[in-house]
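Descriptive structure summary
The chain contents come next:
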Amino acid sequence: MEFGDIQMNINKLQEELNLVQNSNVIVDQHSRIVFLNKELEKWFNIQKELYNEKSRDKFVTDMDYNTRYFHSLVNRKKHRNNIDALCDNSDTWFNDRDGINQLPTTHFSSIACSANPVFDDTTFDYIPTLLTDVNNDCLISTPSKEEILYVVKSMSSWSSSGAGGFQAGFYQTQWKHVGNDVVEVVEKFFESGFMLRSLNITYISLIS
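Residues numbered from 1 in each chain as written. Predicted model: local features only at pLDDT ≥ 70, side-chain atom pairs only at ≥ 80, totals over all residues. Heavy atoms only, no water.

1. Remarks on the overall build of the chain
- Of the regular secondary structure elements, the chain holds nine helices and two strands.
- Along the chain, helices (α) and strands (β) appear in the sequence α-α-α-α-β-β-α-α-α-α-α when read from the amino end.
- Across the 208 residues in the chain, those meeting the buried criterion constitute 18%.
- The contacts of the chain with a sequence gap of at least 6 include a subset with a gap of at least 24, amounting to 44%.
- Working note: accessible area of the chain is about 16800 Å², and carbon and sulfur atoms make up 55% of it. (Helix = DSSP H or I, 4+ residues; strand = E, 2+ residues; numbered from the N terminus. Buried < 20%, exposed > 50% of the residue type's maximum accessible area, 1.4 Å probe, protein only. Contact = heavy atoms within 4.5 Å. Areas by Shrake-Rupley, 256 points an atom, 1.4 Å probe, with all protein chains shown as cover.)

Right, here's the structure in full:
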């Protein structure tokens, strides 16, 4: 595409983008849409710089109005967020509304309901390793008394109370009396992996 008139180039790209999005699904449609979006973004940036050079004050003022430039930008982003087609495991493409709606439901239902789900080992190669062995040892090790006290003090003091009716502020202010009991409960959890249901109970109330 030649440089020419900026608005003319933007109009041509938008027309082509609309044609591609409304056409029947083809294999390279997605890549074409991505290319056209990048080209539109480039020409919008050129238009922005041009307006800025012509009159900085006017450009800043116009940003507060619903100009054609910003209207086109919003529409382009809407098109970019639209799902035009989906492909299933058998390489079958679906471009109609019912097919696109049904495919994710069928896919995740088969994963959730399968008695023997099978995952290819290569799938996990795409998940980056963020924790080192040292980090992992720190996470599963029993916390010290100082660490437990630090967590208790960092909690919101007088927010919603727990199932026992005590808020975090009670444990913070009365730590010298209840601190050893709290530390003992936490340490036993890390050592045994067992926690009483009463310690983790939550009340959910509908407020109208």
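Further notes follow.
2. Let's talk about the layout of surface pockets
- Space inside the largest pocket adds up to approximately 970 Å³.
- What lines the largest pocket is a set of 31 residues, among which Tyr-171, Val-182, Val-185, Val-186 and Leu-199 lie closest to the centre.
- Broken down by element, the residue count for the lining of the largest pocket peaks at eight residues, all from helix α9 (residues 175-192). (1 Å grid on protein atoms, 1.4 Å probe; cavity = no way out; pocket = protein on both sides within 12 Å on 5 of 7 lines; lining within 4 Å. Points joined across faces, edges and corners; volume = space filled by probe spheres on them.)

3. So, the packing of aromatic side chains
- Enumeration according to the criterion identifies four aromatic pairs in this entry.
- Taking 6.4 Å as the distance between ring centres and 70 degrees as the angle between the ring planes, the aromatic pair formed by Phe-166 and Tyr-171 counts as edge-to-face.
- Judged by relative accessible area, which is 43%, Phe-166 ranks as partly exposed.
- Looking at Tyr-171, the relative accessible area reads 30%, which means it is partly exposed.
- Among the aromatic residues, ring-to-ring pairing joins Phe-166, Phe-170 and Tyr-171 into one connected group. (Phe/Tyr/Trp six-rings, centres within 6.5 Å; stacked < 30°, edge-to-face > 60°.)

4. Brief notes about the packing of helix α7 (residues 145-154) against α9
- Contact geometry of α7 with α9 gives a least axis separation of 10 Å together with a crossing angle of 110 degrees. Judged on the interaxial angle alone, α9 and α7 are roughly perpendicular. Crossing geometry of α7 relative to α9 is assigned as right-handed. Only Trp-175, Asn-180, Val-182, Val-183 and Val-186 of α9 make contact with α7, whose side of the interface consists of Lys-145, Ile-148, Leu-149 and Val-152.
- Considering only residue class, the contact of α7 with α9 consists of seven nonpolar, one polar and one charged. (Axes fitted to C-alpha atoms, helices over the stretch in contact; angles between N-to-C directions. Parallel < 35°, antiparallel > 145°, perpendicular 65-115°, else oblique. Left-handed = near helix turned anticlockwise from the far one by under 90°. Nonpolar A, V, L, I, M, F, W, Y, C, P; charged D, E, K, R; others polar.)

5. Let's talk about the pattern of salt bridges
- Taken as a whole and assessed by the stated rule, the structure comprises three salt bridges.
- Of the charged contacts, one joins Glu-16 and Arg-32 as a salt bridge, the two residues approaching to 2.2 Å between their closest N and O atoms. With Glu-16 in helix α1 (residues 6-22) and Arg-32 in helix α2 (residues 29-54), this pair connects stretches of sequence that are 16 residues apart.
- Look at Glu-16 and you get partly exposed, because its relative accessible area is 27%.
- Its relative accessible area of 32% is what places Arg-32 among the partly exposed residues.
- The salt bridge involving Lys-42 is made with Glu-39; its shortest N-O contact spans 3.4 Å. (Salt bridge = Lys/Arg side-chain N within 4 Å of Asp/Glu carboxyl O.)

6. Structural notes on α1
- The terminal C-alpha atoms of α1, which comprises 17 residues, lie 25 Å apart, in line with the 24 Å expected from a rise of 1.5 Å per residue.
- Measuring from the side-chain oxygen of the N-cap residue of α1 to the backbone nitrogen of Gln-7 gives 3.2 Å; that N-cap residue is Asp-5. (Expected span 1.5 Å × (residues − 1). Polar contact = N/O pair within 3.5 Å; in protein donor to acceptor, adjacent residues only side chain to side chain.)

7. A word on the nonpolar core
- Membership of the largest hydrophobic core is limited to 10 residues, which are Ile-6, Ile-10, Leu-13, Leu-17, Val-20, Ile-33, Leu-36, Leu-40, Trp-43 and Phe-44.
- Sorting the residues of this core by element identifies α1 and α2 as the ones contributing at least two each.
- For Ile-10, the contacting residues outside a window of four places in its chain are Leu-40, Trp-43, Phe-44 and Gln-47.
- Within the second largest apolar cluster, five residues are counted, among which are Ile-148, Val-152, Trp-175 and Val-182. (Core = buried A, V, L, I, M, F, W, Y, C linked by side-chain atoms within 4.5 Å.)

8. What to know about a nonpolar patch on the surface
- Residues Val-185, Phe-189, Phe-190, Phe-194, Met-195, Leu-196 and Leu-199 make up a contiguous nonpolar surface patch of about 650 Å² in total accessible area.
- Along the chain, Phe-190 falls in helix α9. (Patch = residues over 30% accessible without salt bridge, like charges linked within 9 Å, V, L, I, M, F, W, Y side chains within 5 Å.)

9. Description of unusual backbone geometry
- Non-glycine residue Asp-91 carries a positive phi angle of around 65 degrees.
- Mapped onto the elements, Asp-91 comes out in the loop between β1 (86-87) and β2 (93-94).

10. Comments concerning the confidence of the model for the chain
- Predicted confidence across the chain gives a mean pLDDT of 77, with 75% of residues reaching 70 or more.
- Within the chain, the element-level pLDDT minimum falls on helix α3 (residues 56-62), averaging 47, and the maximum on α7, averaging 93.
- This stretch, residues 55-60, has a pLDDT under 50; its non-local contacts, to residues over four places away or in other chains, come to four contacts. (pLDDT = per-residue confidence, 0-100.)

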